[in-house]
Amino acid sequence: MEKLESRIVKFTSKKHGNIVPIQAIPGHFVTSHSHVNYFIDLTLLKSSQVDAANCASTLARQFKDIDPIDTIICLDGTGIIGAFLSKELQKYYPNNEKKTIYVICPECANNGQMFFRENVEPVVRDKNVILLMATVTTGISIRRGMECIDYYGGNLKSVFTIFSAVDQVDYTTVTSIFTPDDIPGYASYQRKDCPFCRNNTPIEALVNAYGYSQL
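Within every chain, residues take consecutive numbers counted from 1 along the sequence as written. Only residues with pLDDT of at least 70 are given local features in this predicted model, and only at 80 or more are side-chain atom pairs given and counted; all residues enter the totals for whole chains, interfaces and linings. The side-chain figures draw on all heavy atoms in the structure; neither hydrogens nor water molecules are used.

J.: Please explain the side chain of Asp 70 as it appears in this structure.
T.: Put simply, DSSP marks the helices as runs of H or I at least four residues long and the strands as runs of E at least two long, and each gets a number from the N terminus on. Relative to the helices and strands, Asp 70 resides in the loop between α2 (49-60) and β4 (71-74). The cut-offs for exposure are 20% and 50% of the maximum accessible area for each residue type, with area from a 1.4 Å probe on protein chains only; residues under the lower value are buried, those over the upper are exposed, and the others partly exposed. Judged by its relative accessible area of 16%, Asp 70 is buried. Polar contacts here mean pairs of N or O atoms no more than 3.5 Å apart (in protein, one a potential hydrogen donor and the other a potential acceptor; neighbouring residues in sequence count only if both atoms are side-chain atoms). Separated by 2.8 Å, the side chain of Asp 70 and the backbone nitrogen of Asn 128 make a polar contact. Not counting chain neighbours up to four residues away, the residues in contact with Asp 70 comprise Lys 99, Thr 100, Ile 101, Tyr 102, Lys 127 and Asn 128. In what follows, a contact means two residues having at least one pair of non-hydrogen atoms within 4.5 Å.

J.: Help me understand the sheet that holds strand β8 (residues 128-136), please; the structure alone is not making it clear to me.
T.: What holds strands together in a sheet is hydrogen bonding between their backbones, with the strands either parallel or antiparallel. Pairing between two strands is assigned when DSSP locates at least 2 bridges connecting them. With respect to topology, six strands assemble into an open sheet ordered β5-β4-β8-β9-β11-β10, the strand pairing being mixed. Both edges of this open sheet fall to β5 (102-104) and β10 (168-169), since each of them pairs with a single strand only. Between N-to-C directions, angles span 0 to 180 degrees; the directions come from axes that are lines fitted to C-alpha atoms, helices contributing only their stretch in contact. The sheet strands contacting α2 are β8, β9 (155-164) and β11 (172-178), and the helix crosses β11 at an angle near 135 degrees.

J.: Is there a simple way to think about the packing of aromatic side chains in this case?
T.: Aromatic ring pairs are reported here in terms of the distance separating the ring centres and the angle at which the planes meet. Only rings of Phe, Tyr and Trp enter the pairing, Trp through its six-membered ring, and a pair is recorded when the two centres are within 6.5 Å. The plane angle decides the type: under 30 degrees is stacked, over 60 is edge-to-face, the rest tilted. Following the criterion strictly, the structure yields seven aromatic pairs and no others. Consider the rings of Phe 11 and Tyr 38, whose centres lie 6.1 Å apart with planes at 85 degrees: the pair is edge-to-face. Remark: Tyr 38 occurs in strand β3 (residues 35-41) and Phe 11 occurs in strand β1 (residues 9-13); sequence separation between them is 27 residues. Neither residue differs from the other here; Phe 11 and Tyr 38 are each classed as buried. On the numbers, 5.5 Å between centres and 75 degrees between planes, the contact of Phe 39 with Tyr 212 is edge-to-face. Of this pair, Phe 39 sits in strand β3 while Tyr 212 is found in strand β14 (residues 211-214), placing the two residues 173 residues apart along the sequence. Aromatic ring contacts, followed pair by pair, group Phe 29, Phe 39 and Tyr 212 into a single cluster.

J.: Explain unusual backbone geometry here, please?
T.: Glycine aside, the phi torsion of most residues is negative, and most peptide linkages are trans. Positive phi, normally seen in glycine, also occurs at Asp 76, with a value near 60 degrees. Summarising the element assignment, Asp 76 is placed in the loop between β4 and α3 (79-90). We classify Asp 76 as buried; its relative accessible area is 17%. In this structure, Tyr 171 is a non-glycine residue whose phi angle is positive, near 70 degrees.

J.: Looking at this structure, I do not really get the packing of α2 against α3. What am I missing?
T.: To characterise two packed helices, one gives the angle between the axes of the helices and the distance between these axes. In contact at an axis separation of 8 Å, α2 and α3 are set at 45 degrees when each is read in the N-to-C sense. Compared by their axis directions, α2 and α3 come out oblique. Where α2 crosses over α3, the two elements pack in a sense that is right-handed. In this structure, α2 uses Gln 49, Ala 52, Ala 53, Cys 55, Ala 56, Ser 57, Leu 59 and Ala 60 to contact α3, whose residues at the interface are Ile 80, Ile 81, Phe 84, Leu 85, Glu 88 and Leu 89. Among the residues making up the contact of α2 with α3, the classes are represented as eleven nonpolar, two polar and one charged. Angles below 35 degrees are treated as roughly parallel, those above 145 as roughly antiparallel, those between 65 and 115 as roughly perpendicular, and all remaining angles as oblique. By definition, any crossing whose near helix is turned counterclockwise from its far helix by less than a right angle is left-handed, and any crossing with a clockwise turn is right-handed. The classification used treats Ala, Val, Leu, Ile, Met, Phe, Trp, Tyr, Cys and Pro as nonpolar, Asp, Glu, Lys and Arg as charged, and all other residues, Gly among them, as polar.

J.: Even after reading the chapter, I still don't get the nonpolar core, so can you show me in this structure?
T.: Generally speaking, nonpolar side chains in soluble globular proteins are found buried as a group. The nonpolar core is taken to be a set of buried Ala, Val, Leu, Ile, Met, Phe, Trp, Tyr and Cys residues, with the residues joined through side-chain atoms within 4.5 Å. Among the nonpolar cores identified, the biggest contains 40 residues, and Phe 29, Ile 69, Ile 72, Leu 85, Leu 89 and Leu 132 are the most heavily contacted of them. The contact partners of Leu 85, leaving out residues within four places of it in the chain, are Ala 56, Leu 59, Ala 60, Ile 72, Leu 132 and Phe 160. The next biggest cluster of nonpolar side chains, apart from the first, holds 20 residues, and it includes Ile 73, Phe 116, Val 159 and Val 174.

Here it is, written out as structure tokens:
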């Protein structure tokens, strides 16, 4: 069986240059919500100290809201980026050196529902929140995050993600480093509209923000 890594292609952001490169593998892949023609591999960006710090600084430079951020909620294994992001955002508050930004991750039930334990709720309720994700294709995961934040009384200020195929979800801005314009030919399809399926091209792997399971 061919190793998918043999097809890795590297891309840089047209908007932000090559400070944060991204790796992608072309093929026929299935996410939890759609079929895609690229698996975007963010392993290094989420685990490398240098790459995670560069991601954080690139995202922070795009943040325009004047309200201080209290909490960063990290999904998709973005906790390291979230920690660096908290340090970057603290630079926005030079007159409050003791400003603390909490970096947390929700738990997920078997049905995908996100939730927080009682001891974590206080750093969400009535707090200004950023939702940090790895990739966004359809916006469904963002809506789940929004529902969770709303349920626990948080005030969502923005969504940050490394790659996003959408720039807004329910009037909330999605701030990203990479967009489909940076990956030529990138496409996401509903199952019934997938050209690979219509041509009987086998699915090569099940993918999510953590990696892939080759079939």
